[in-house]
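Structural features, examined
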Amino acid sequence: MHRIAQRTNGMWRWLLLAGLLVPALHGPAFASDSRSTTGTSTDELWRRSLEFVIRGDFQKAAEAIREIAGGGRLTTDVRSWLDAYLEKQAERKRLDQADFEKYVQYAKARVERKEYALALDKALLAADVAEDREAFLKADWLQQLTNDALAKAEELRRDHDWRGAWHLYADLAALFEREPRYEKLEREVLTLLRLDNMFTEDSHWRERLEKVRWEDAESALECLQLYYVEPVDFKAVAEAGLEQLLLLAESKSAREQFEGLKNEDDRRDFEARVKAKLNQIRAAPALTRKEVVAHFERAVKDINRQTVRLPEELVVSELMRGALEPLDDFTTIIWPEETDEFDKHTRGDFIGVGISIVKNRKSDEIEVVTPLEDTPAYRAGIQAGDIITHVNGESLKGFSLNKVVDTITGPKDTAVTLSVRRDGKELQFDLKRAVVKIQSVKGLRRDPNNEERWNHWLDEDMGVGYIRVTNFQKNTVEDVANVLSELEPKGLKALVLDLRGNPGGLLDSAWRMASLFLKRGELVVSTKGRDPTENQQLPASGDGPWSELPVAILVDESSASASEIVAGAVQDTHHGIVVGARTFGKFSVQNLIQLSRSSAKLKITTARYYLPSGRSLHRLPGSDKWGVDPDIPVRLVRWERYNLYQMRRDADLLGPPKPGAKEDDEEALEEEPAADSKKEEDAADAKADKPQGDGVHADAADKPAGEPRTADAETPKEPELPPLEQSDENNRPKEDPQLDTALLVLRAKLLGASYPSVAAAEVEARKDTARP
């Protein structure tokens, strides 16, 4: 209740700054919002309509503005803005309902065919547009589908079809919002899928694990005890580590790779001894770190050596990967051969030629999305839509996107030749690799007079600017400040700061960004950990030069970490409002600790972030509260999110335009961003080898769970079903409802501050009309 009151008071302060609150709104007149306003003064109707807009109550705003008889240009403008906005929202709601009914029908049709993966896919789409998601998830048919899907996943897992099982578990985890049971099953099959992909000929797994040592693992366990953000449940750590070894023994490709696992007696002996140790651990009420070290050392140096004789570095690596699973997703070991790659991803730049590429899964071709600004590729004339066929004369046919990235990138100042196909012609570009800086500050569209510059005006007539920040790098704040300084003398009066899709970045950058909009001494963020040295407060670095600027911050489900710090600080200190969807909920601090005497490092969560109000936004297992909740919620559904992605991609485009991308394209920068969590790493490995199609084929035999199988038994198949056409075309206009909402709110705020009465508004309107 206190939090709600605090948020409400913050909104009142924002309204007061806009010049909209009048004494009558605190008394009986405001308390009777729902009654007819007939007889209310036009000035109060004017103020009330603008106030309702800022609060996000657009229907009441429209009702109030319609009661102003006649009116001049500004009242007409507000009326037309609201009518157009409400008409669009009504159409969105109508399309949502139509799509919901369609997807439910599609899902039930797939259930009848026992195509459970496809049925879950459609159920996910229905949940995305459902008006009441919780009620939908309780539907009897969906509960039955869940049970059937679980049984099918178990069957697929017994057949070592990890990918098919992953499809089912991942859908269930997404549908039921990461319900722990489904997420655990998803993680297990992701591990098995990763292991199967790990031992391929071109994976270089031996090189990646070459310097893995048991001493580093022991050091990592000690660091967990000393520095992890909360007391570690070492019993859970021990269980998860040994369970990971059982998954390693279960992996089909590992059995094919290692002689010890090919021998059934040795493999069964290994599994039996690991399970016995697991039972011993589960029977204990708790374990200390030293006891875990002893159990792990026994598994590595005794059980493994006496049975399957796997490479010790592999056993240590998998053991510790599993051991860290009970902790948060962001605590992980970076082994020596991974440190260079990790360091490269944290710098905000990479060495390459400067292109964003996409792999079309249907044509299996590598296509250029766009060259990047001021890079070798851009200067050489590579264009969006070019098909890269060869690198240094080597064909890319069959290459994964990751392998293409590895092939194009390389040491600075080295040469690379790209062969491309453009309009049926074969072209060759001889390039020299260079440091490529990723631009993190963008506008709404490119400047038509200079495509390497951005146009940052959203509504130039009213002075509303727009800045999109894609991540928080070293120079991000300086770039934002430069844009604002450039717009200010040209009439900047309000700003939309777009942090949607921004995964975060440097804490220092987030702190300095928020400081631009706060006053000296106002708290931006604080951190608290088990170690008192982690406790600190970061107030604004000075009087923010734009602390009086009306700001609307756009966020969505992918806004995380540093993005949440900025949005939450501006919201908590009442210097702006937040529009969009609830953020991701990553509000934890990671530090790098050198392990033992090697170059291995432990990335460990040591503290949590807290906003000025004392809230921690971190998403904890089982919690229903996390992230920054927008002041004005506007959630996008799938096709709207896709359209936003396409519009942004079109805006990013340099050079001649190209045909629109397909939804099933897999896109990457020339240098893939580092996965921020263990689950993302495994999912990335899985996707790299993901086949075309739905993972679980429509004609797969649905064999009852528990029925025994033998290696040479032929599985009886049900008659093949004819294909089922279920059209799902993009029926949403290429618009941005979240940005439309932010613009409408800022327009109302500016009008309220400038024209506190209808008379003042119309006087100014007449002046504008009289000007030549």
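Residues numbered from 1 in each chain as written. Predicted model: local features only at pLDDT ≥ 70, side-chain atom pairs only at ≥ 80, totals over all residues. Heavy atoms only, no water.

Judged by nonpolar contacts, the single largest core of 55 residues is most densely connected at Leu 224, Leu 242, Phe 296 and Met 320. Of all the secondary structure elements, the ones that give two or more residues to this core are α10 (180–198), α12 (214–227), α13 (234–250), α16 (264–283), α17 (289–306), α18 (312–323) and β21 (601–610). Examining the composition of this core, we find that eight residues originate from one element, α13, more than from any other. Ignoring sequence-local partners within four residues, the contact set of Leu 224 consists of Val 232, Phe 234, Leu 324, Leu 327, Thr 331, Arg 530, Leu 602 and Ile 604. (Core = buried A, V, L, I, M, F, W, Y, C linked by side-chain atoms within 4.5 Å. Buried < 20%, exposed > 50% of the residue type's maximum accessible area, 1.4 Å probe, protein only. Helix = DSSP H or I, 4+ residues; strand = E, 2+ residues; numbered from the N terminus. Contact = heavy atoms within 4.5 Å.)

What follows concerns the pattern of salt bridges. Per the stated rule, a full pass over the model turns up 57 salt bridges. Taking the shortest distance from any N to any O, the salt bridge between Glu 230 and Arg 608 comes out at 3.7 Å. On the criterion of sequence distance, the pair formed by Glu 230 in the loop between α12 and α13 and Arg 608 in strand β21 is long-range, its members being 378 residues apart. In this structure Glu 230 comes out as partly exposed when scored by relative accessible area, which is 38%. (Salt bridge = Lys/Arg side-chain N within 4 Å of Asp/Glu carboxyl O.)

Quick look at the packing of helix α6 (residues 116–129) against helix α8 (residues 140–158) now. Taken N-terminus to C-terminus, the directions of α6 and α8 make an angle of 140°; their axes are 10 Å apart at the nearest point. On the basis of their axis angle, the class for α6 and α8 is oblique. Helix-helix and strand crossings are classified by hand; for α6 and α8 the assignment is left-handed. Each of Tyr 116, Ala 119, Leu 120 and Ala 123 in α6 lies in contact with α8, whose residues at this interface are Trp 141, Leu 142, Leu 145, Asp 148, Ala 149 and Lys 152. Here the residues of the contact of α6 with α8 sort into eight nonpolar, no polar and two charged. (Axes fitted to C-alpha atoms, helices over the stretch in contact; angles between N-to-C directions. Parallel < 35°, antiparallel > 145°, perpendicular 65-115°, else oblique. Left-handed = near helix turned anticlockwise from the far one by under 90°. Nonpolar A, V, L, I, M, F, W, Y, C, P; charged D, E, K, R; others polar.)

Of all the seven residues making up strand β16 (residues 523–529), five are buried; the element is thus mostly covered by neighbouring parts of the structure. Looking at chain direction, β16 and strand β17 (residues 536–539) are connected through four bridges and run antiparallel. Within β17, the position partnered with Ser 526 by the bridge is Gln 537. Connecting β16 to the antiparallel partner β17 that follows it, the hairpin turn spans six residues. Pairing of β16 with β21, which is carried by four bridges, proceeds in the antiparallel orientation. Within β21, the residue paired with Lys 528 across the bridge is Arg 608. (Pairing = 2+ DSSP bridges.)

Attention now moves to the pairing of strand β19 (residues 576–580). Moving residue by residue along a regular strand, the side chains alternate between the two faces of the sheet. In terms of burial, β19 is a largely internal element, five of the five residues being buried. Covered by surrounding structure in β19 are Gly 576, Val 578 and Gly 580 together with Ile 577 and Val 579, the residues of both alternating faces. With five bridges joining them, strand β18 (residues 551–555) and β19 adopt parallel strand pairing. Directly across from Leu 554, in β19, lies its bridge partner Val 579.

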